[in-house]
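Observations on chain architecture
Listed here are the chains, written in short residue letters.
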Amino acid sequence: MSPTEAGGAARGQVLGVVGWSGSGKTTLLEYLVGQLAAEGLRVNVIKHSHHDIVLEPPHKDSARLRMAGAGEVMIASPYRFAIQHELRGAPEPTLEEHLARLAPADLTLVEGYKWAAIPKLEVFRPELGRAAMYPEDVNVVAVASNAPAPAGLERDLAWLDLDQPAAILRWLRRRLAAAS
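Keep in mind the model is a prediction, meaning the values are calculated, not measured.

Parameters at a glance
Residues numbered from 1 in each chain as written. Predicted model: local features only at pLDDT ≥ 70, side-chain atom pairs only at ≥ 80, totals over all residues. Heavy atoms only, no water. Helix = DSSP H or I, 4+ residues; strand = E, 2+ residues; numbered from the N terminus. Expected span 1.5 Å × (residues − 1). Buried < 20%, exposed > 50% of the residue type's maximum accessible area, 1.4 Å probe, protein only. Arc of directions from axis to C-beta. Contact = heavy atoms within 4.5 Å. 1 Å grid on protein atoms, 1.4 Å probe; cavity = no way out; pocket = protein on both sides within 12 Å on 5 of 7 lines; lining within 4 Å. Points joined across faces, edges and corners; volume = space filled by probe spheres on them. Pairing = 2+ DSSP bridges. Axes fitted to C-alpha atoms, helices over the stretch in contact; angles between N-to-C directions.

Topic: helix H4 (residues 165-179)
Look at H4: 21 Å from first C-alpha to last across 15 residues, which is about the 21 Å you get at 1.5 Å a residue. Where H4 is concerned, the buried positions are Ile 168, Leu 169, Trp 171, Leu 172 and Leu 176. Each buried residue of H4 sits inside an arc of 160° when the element is viewed along its axis, so together they form one side. Exposed side chains of H4 directed beyond 90 degrees from the buried face belong to Arg 174, Ala 177 and Ala 178. The inward-facing, buried residues of H4 contact strand S1 (13-18), helix H1 (25-38), strand S5 (107-111), strand S6 (120-124), strand S7 (140-145) and strand S8 (158-161).

Printed below as a string of structure tokens:
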């Protein structure tokens, strides 16, 4: 997906970070976001969950208003704001719709949405006993793994050492620079 398809040129690049539960996606994302933000880049993150999301306990005002039937409730403070949008049986919005709601950024990292047709970095740990995704997903442009690259990779794919997050950051910086 190009930045224009994802809601306009101001959206910057979009990169999915995919992998099985327990592979280290969030740990890697936390490092990448922290480093890039410290360099002055604006980084957005979309985290997909298959579980219900509870931002406030049921007895708090915003939860009570949401349960009363509000379609959206915004919680705002001098430090942050959050919008809770109730689907109430409507289909889950697409990744593109979520991207369009975000503020402009240099990079939006997407954790989850394994099926989306966006460039992806796969976090792969063979010891989890799950198959790698990259052989079946042509959108995987790089793999961060604690295992060496298999012999005879059939396509151009960056193979990164998961235990060297600074090297993954360098790869991501080169990717960002190449697209500018």
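The discussion continues.
Quick look at the layout of surface pockets
Considering only enclosed or pocket space, the second largest pocket measures out at about 250 Å³ in volume. Lining the second largest pocket are 16 residues, and of these Lys 47, His 48, His 50, Gly 112 and Lys 114 lie nearest its centre.

A short note on the sheet that holds S6
The strand order across the open sheet formed by six strands is S2-S5-S1-S6-S7-S8, and the pairing between neighbours is parallel. The open sheet has two free edges, formed respectively by strand S2 (43-47) and S8, since each of these has just one partner strand. Across the sheet, the mean angle from the axis of one strand to that of its neighbour is 20°, orientation sign disregarded. Together, S1, S5, S6, S7 and S8 form the strand contacts of H4, whose direction differs from that of S1 by roughly 150°.

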